[in-house]
Amino acid sequence: MHKRDDGARLGAAEIGAELGERATLLQFSSAFCQPCRATRRTLAEVAGMVEGVAHVEIDAEDHLDLVRHLKVLRTPTVLVLDADGAIVRRASGQPRKADVIAALGAAVRD
């Protein structure tokens, strides 16, 4: 996962769901994307392991303005948001579970 914080903050209005209390795993997917399914399982599993972490999946085709604004170029793309909605990590392609857990470490403040 690559560090990338361009100062953008996302909230419930932008992503269509409440942010996690501690962090949010925001996944951009598309209908026929095979790696998106595996990514969904990985992110849901990690979110279930870490208290206060939400997994939110967005259909890229239904949110083109947000996709363009965030420069999402392919699916899956995963953004890790901290409790305030700031983007602290970003990855394109199917992430490994260990990488997701490590990226959450950068987002979660105790």
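On a predicted model such as this, the values are computed, not experimentally measured, just so you know.

### Regarding the state of the cysteines
Argument step 1. In total, this model carries 1 disulfide according to the counting rule given.
Argument step 2. With its sulfur 2.1 Å from that of its partner, Cys33 forms a disulfide with Cys36. Note on the Cys33 and Cys36 pair: the S-S dihedral is about 85 degrees, so by sign convention the disulfide is right-handed.
Argument step 3. Residue Cys33 is classed as buried on the basis of its relative accessible area, which comes to 8%.
Argument step 4. Given the relative accessible area of 1%, Cys36 is considered buried.

### Some thoughts on the nonpolar core
Argument step 1. Leu10, Leu26, Phe28, Ile58, Leu70 and Leu79 are the most contacted members of the largest nonpolar core, which totals 15 residues.
Argument step 2. For this core, the elements supplying multiple residues, two or more each, are strand 1 (23-29), strand 2 (53-59), helix 3 (64-69) and strand 3 (77-82).
Argument step 3. Apart from residues no more than four positions distant in its own chain, Leu79 is found in contact with Leu10, Thr24, Leu25, Leu26, Phe28, Leu70, Ile87, Arg89 and Arg90.
Argument step 4. Core analysis: the next-biggest nonpolar cluster, separate from the first, contains 14 residues, Val53, Val80, Val88 and Val108 among them.

### Looking at the environment of Ala17
Argument step 1. Within the secondary structure, Ala17 is located in the loop between helix 1 (12-15) and strand 1.
Argument step 2. Given the relative accessible area of 26%, Ala17 is considered partly exposed.
Argument step 3. Sequence spacing of Ala17 and Ile58 is 41 residues, and the spatial spacing of their C-alpha atoms is 9.7 Å.
Argument step 4. If we ignore the near neighbours within four places in the chain, the residues touching Ala17 are Ala12 and Val56.

The rules behind the values
- All chains use their own residue numbering, which begins from 1 and follows the written sequence.
- In keeping with the predicted nature of the model, local features appear solely for residues at pLDDT of at least 70, side-chain atom pairs appear and are counted solely at 80 or more, and the whole-chain, interface and lining totals rest on all residues.
- Values shown for side chains rest on all heavy atoms present in the structure; no hydrogens or waters enter the calculation.
- Cysteine sulfurs are considered disulfide-paired once they come within 2.5 Å of each other.
- Throughout, exposure labels follow a simple rule: accessible area from a 1.4 Å probe, protein chains only, divided by the maximum for the residue type, with under 20% read as buried, over 50% as exposed, and the rest as partly exposed.
- Side-chain atoms within 4.5 Å are what join buried Ala, Val, Leu, Ile, Met, Phe, Trp, Tyr and Cys residues into a set we call a nonpolar core.
- Every helix listed is a DSSP run of H or I at least four residues long, and every strand listed is a run of E at least two residues long, numbered separately from the N terminus.
- It only takes one pair of heavy atoms within 4.5 Å for two residues to be counted as in contact.

In short, geometric facts, not functional conclusions.
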